[in-house]
Each structure stands twice: as C-alpha cells, then as structure tokens.
Amino acid sequence: MGPVSRSFPAQPRMLRAVFFDVDFTLIYPGPTLQGQGYEHFCARRGVTVDPARFREAVARAAPVLDEVKAHNYDAQVFIDYTRAIIEQMGGEGPATEAAAKDIYDEWAECHHFFLYDDAEAVLRELAAAGLRIGLISNTQRPLEEFAAHFALDGLISASVSSAQFGFLKPHPSIFEAALAAIGVPAGDAVMVGDSVTHDIEGARQIGMHAVLLRRSGAGLSPLQRSLGAGYDDVPVIASLAELPALLLNHAGSD
C-alpha cells in the first residue's frame, strides 16, 4: 500500500492524538551507549575499538537496519547492527558478538538515556490542550518504565513497543494497535518521528498524518524536496518546540 496523501497541516481533520517515536525523538543515549561506552563493553570481552570512530561507525552500520525486510521483532537484527558498529570501530574476532549482545541489553535500561530539553514541556502543552499522547517505538525497552523513569506519568495514554507487540515499524499493525489502544481513528492522529521509513511512511500508509523531526536543522528544505511527490503534506521540524504551533490549531476534544 502506498502513502495516503493528506494536506496536513493546511486542511487536516480534527486532530485528537499525537504519537511519538522514542529514541532520538524524545530521548537520546548518554555516554554509556556512545563511543567510550562501546569501548568499555568491548574491553570486557577482550575486543579493542577506537571510540573516536563511533559516529562514523554508526553511519556506516545503518544499512544493517535499513535492509531488513521482515517486520517481525528479532533481537538478533539489533545485535547484528551493534556488532557492525563495533567492527566499524575496529573490533575484530568472535567476541564482538558477545560485546554486541552486552550493549543491546543495556539499551533496555532507561537510566542510560536523557530527555531532550524540548520534550517534557511540549508533551505537557499538547496534553493540556486535550490531545492524547501515545508512544510507538522499535525497542525492547518497556515503555511503561520509560514514562515512570522520566516522570511523565499521566501524560501517556497508550504505548506500544515492537518487542512486546512483535512487529517493527513500519508494519501497519503496530500503528493500528496504538490507535486502537488510544481510541482514535487514523485520520485524527499524527505521528512524530525522526525516520522517514519507520515513522513517516509507516504512519501514512494507514492514513495518519506525520511530522518528520530532524534535530540537526541542516538542509531542511532540500530534505523536504527529497521526500518526493506525495510528501508535500509532511512538515519537517528541527525541534519539538515547533509542534504546538503546528498542531494546536487543528486539535479538538471529544
């Protein structure tokens, strides 16, 4: 099924719910899950890596996730991705698999992550305006623990993690499950995330609106053009702080 074209935000239906991706949309990993952390976990397994190569390694390993065709959740996919990062950082040998598994396990722990500065205030403003807030994440992290850890209790109406549900974004069923849990039809909801494939295309294929977040702020206009025909209704923002003005003119209550 191709994307459903909707003229958002110019002529949307009444918005009643906003769903957020979690990693790199609401939260980001601290040092434990960046270059020096990788070096630490690898050293425990006898693997030597160069932490200075971490950012480049992440970019080079990205195709491991992008090329996955099956949408059922499989932890090994993420372990393979982590091992690819380790190898791009110079790690070698069979122990890279064990080091990758150690790092994968740590991604489930909320205390390794930080909320972006703009996240909590925006969530509270949208909720106060009557919008229901949901989470849809390709993660093994229990999202109920996420809300409690970051003191967001009472703000999140529904959450669906791919590990618990069994399917990854952009599979339509994970979006449909989140909509059912929050009690809102697709046309009355918007998905906010940093991935065109997982968040934007995944949401639009079932008729949800979508907003693409690119926190770097670089090249937003070329990026919008690169989305291609049929994506004129996808706003691209550099901060969540831009969301309330974008959404609240179209928000409604039950």
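Calculation rules
Residues numbered from 1 in each chain as written. Predicted model: local features only at pLDDT ≥ 70, side-chain atom pairs only at ≥ 80, totals over all residues. Heavy atoms only, no water. Core = buried A, V, L, I, M, F, W, Y, C linked by side-chain atoms within 4.5 Å. Buried < 20%, exposed > 50% of the residue type's maximum accessible area, 1.4 Å probe, protein only. Helix = DSSP H or I, 4+ residues; strand = E, 2+ residues; numbered from the N terminus. Contact = heavy atoms within 4.5 Å. Pairing = 2+ DSSP bridges. Axes fitted to C-alpha atoms, helices over the stretch in contact; angles between N-to-C directions. Phe/Tyr/Trp six-rings, centres within 6.5 Å; stacked < 30°, edge-to-face > 60°. Lys NZ or Arg CZ within 6 Å of the ring centre and 35° of its normal.

*Asks:* In this structure, what is going on with the nonpolar core? I would like to understand it.
*Replies:* Most often, soluble globular proteins keep nonpolar side chains buried together rather than apart. In this structure, Phe20, Phe146 and Leu243 are the most contacted members of the largest nonpolar core, which totals 56 residues. Element by element, the count of residues in this core is highest for helix α4 (residues 75-88), at 7 residues. Sequence-distant contacts of leucine 243, defined by excluding residues within four places in its chain, comprise Phe20, Val122, Leu126, Val192, Val211 and Ile237. Residues Phe19, Ile174, Ile206 and Met208 belong to the second largest nonpolar core, which totals 17 residues.

*Asks:* Looking at this structure, I do not really get the pairing of strand β7 (residues 209-213). What am I missing?
*Replies:* One face of the sheet, then the other: side chains in a regular strand alternate in exactly this way. Within β7, 5 of the 5 residues are buried, which leaves it mostly tucked inside the rest of the structure. Here β7 shows two buried faces, one formed by His209, Val211 and Leu213 and the other by Ala210 and Leu212. Across 4 bridges, strand β6 (residues 189-193) lies against β7 in parallel orientation. Following the sheet pairing, valine 192 is matched in β7 by valine 211. By the bridge criterion, 2 bridges tie β7 to strand β8 (residues 236-237) in an arrangement that is parallel. Bridge pairing links leucine 212 to valine 236 in β8.

*Asks:* Help me out: how do you make sense of the sheet that holds strand β1 (residues 17-20) in this one?
*Replies:* Backbone hydrogen bonds are what pair the strands of a sheet, in a parallel or an antiparallel way. Taken in spatial order, the 6 strands of this open sheet run β5-β4-β1-β6-β7-β8, and their pairing is parallel. Strands with a single pairing partner mark the edges of an open sheet, and in this sheet they are β5 (156-161) and β8. The sheet contacts of helix α10 (residues 196-204) involve β6 and β7, and relative to β7 the element is tilted by about 165°.

*Asks:* Sorry, what's going on with the packing of aromatic side chains here?
*Replies:* In this description, an aromatic ring pair is defined by two values, namely the gap between the centres and the angle between the planes. Evaluated as defined, the whole model comprises 8 aromatic pairs. Ring plane angle 65° and centroid distance 5.1 Å describe the contact between tryptophan 107 and phenylalanine 113, whose orientation is recorded as edge-to-face. Judged by relative accessible area, phenylalanine 113 falls into the buried class, the value being 3%. Judged by centre distance (6.1 Å) and plane angle (55°), the ring pair of phenylalanine 165 and phenylalanine 167 falls under tilted. Overall, the relative accessible area of 32% leaves phenylalanine 165 in the partly exposed class. The cationic tip of arginine 141 hangs over the ring face of phenylalanine 113; the distance from NZ or CZ to the ring centre is 4.2 Å. Geometry around tyrosine 116 places arginine 215 over its ring, the cationic atom sitting 3.6 Å from the centre.

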